[in-house]
Amino acid sequence: MRVRRSNEHARLPQGRKRTSPSRRANRSWRAALFALLGLGALGWYASERSGDHLVAKQAAGAIPPAPALYQCDGRTHCSQMTSCAEAHYFLAHCPNVNMDGNGDGEPCEQQWCK
C-alpha cells in the first residue's frame, strides 16, 4: 500500500485541471461584473424606451418645446373637442376639464380616443 505524500494530488478525471482558489475567485469576480453590466444595459434600455430622458433634455433646454396647437379656451367636455389629440392637450394643460370619467388618464374614450 502506497502512502500519499502531501505534495501529491488526487487524480482528476481526464481532461480536467485543478484550479487554484485565486482563479476561482477571479471567475466569480468576472461573473459579478458581467451581471452588473447586464443589469446596467437593461436599465439603460428601459429608460430609453420610456422617454424620461427626453423630458430631462427638454427641461435643460436641449430640445425646444413643441409649439402649442391648442389653447385653453374654456371648453371642458368631450362634445366640445374635435380630436383625440385635442382632448389629450386639454386634459393635460387646462383646468376644470371633465373628460376623463374613470380617471385612467385617457380622455373622451367613447367619443374620440377609442
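You'll find the structure just up there.
Trainee: Sorry, what's going on with the nonpolar core here?
Mentor: Most often, soluble globular proteins have nonpolar side chains that are buried together. Counting nine residues, the largest nonpolar core is built from Cys78, Met81, Ala87, Tyr89, Phe90, Cys94, Val97, Met99 and Cys108. Those residues within four positions of Phe90 in sequence are excluded, and the remaining contacts are Tyr70, Gln71, Cys72, Asp73, Arg75, Met81, Val97 and Met99.

Trainee: Got a minute to help me understand the environment of Cys78 in this structure?
Mentor: Along the chain, Cys78 falls in the loop between helix H2 (52-60) and helix H3 (84-93). Along the sequence, Cys78 and Val97 sit 19 residues apart, while their C-alpha atoms lie 9.0 Å from each other. Excluding anything up to four places from it in sequence, Cys78 contacts Met99, Cys108, Gln111 and Trp112.

Trainee: Teacher, can you tell me more about the state of the cysteines here?
Mentor: Put plainly, a disulfide is one covalent bond tying together the sulfur atoms of two cysteines. Under the defined criterion, the tally for this structure stands at three disulfides. One disulfide in the model links Cys72 with Cys94; its S-S distance is 1.9 Å. Every disulfide takes its handedness from the sign of the S-S torsion; for Cys72 and Cys94 that torsion is -90°, giving left-handed. On the criterion of sequence distance, the pair formed by Cys72 in the loop between H2 and H3 and Cys94 in the segment after H3 is long-range, its members being 22 residues apart. Across the disulfide, Cys84 is cross-linked to Cys113 (sulfur-sulfur distance 2.0 Å). Between Cys84 and Cys113 the disulfide shows an S-S torsion of about 115°. By sign, it is right-handed. In this pair, Cys84 is assigned in helix H3 and Cys113 in the segment after H3, connecting sequence segments 29 residues apart.

Trainee: Would you mind going over the environment of Asn98 with me for this structure?
Mentor: Along the polypeptide, Asn98 turns up in the segment after H3. For the pair Asn98 and Thr76, spaced 22 residues apart in the sequence, the C-alpha separation amounts to 5.5 Å. With near-sequence residues (within four places) excluded, Asn98 lies in contact with Thr76 and His77.

Trainee: Sorry if this is basic, but what is going on with a nonpolar patch on the surface here?
Mentor: There is a patch of nonpolar side chains on the surface, built from Trp29, Leu33, Phe34 and Leu37 and spanning about 480 Å² of accessible area. Of note, Leu37 is situated in helix H1 (residues 21-50). What makes Leu37 exposed here is its relative accessible area of 51%.

Quick notes on the rules
- Residues numbered from 1 in each chain as written.
- Predicted model: local features only at pLDDT ≥ 70, side-chain atom pairs only at ≥ 80, totals over all residues.
- Heavy atoms only, no water.
- Core = buried A, V, L, I, M, F, W, Y, C linked by side-chain atoms within 4.5 Å.
- Buried < 20%, exposed > 50% of the residue type's maximum accessible area, 1.4 Å probe, protein only.
- Contact = heavy atoms within 4.5 Å.
- Helix = DSSP H or I, 4+ residues; strand = E, 2+ residues; numbered from the N terminus.
- Disulfide = S-S within 2.5 Å.
- Patch = residues over 30% accessible without salt bridge, like charges linked within 9 Å, V, L, I, M, F, W, Y side chains within 5 Å.
- Areas by Shrake-Rupley, 256 points an atom, 1.4 Å probe, with all protein chains shown as cover.
- Salt bridge = Lys/Arg side-chain N within 4 Å of Asp/Glu carboxyl O.

Purely geometric stuff here, so don't read any function into it on its own.
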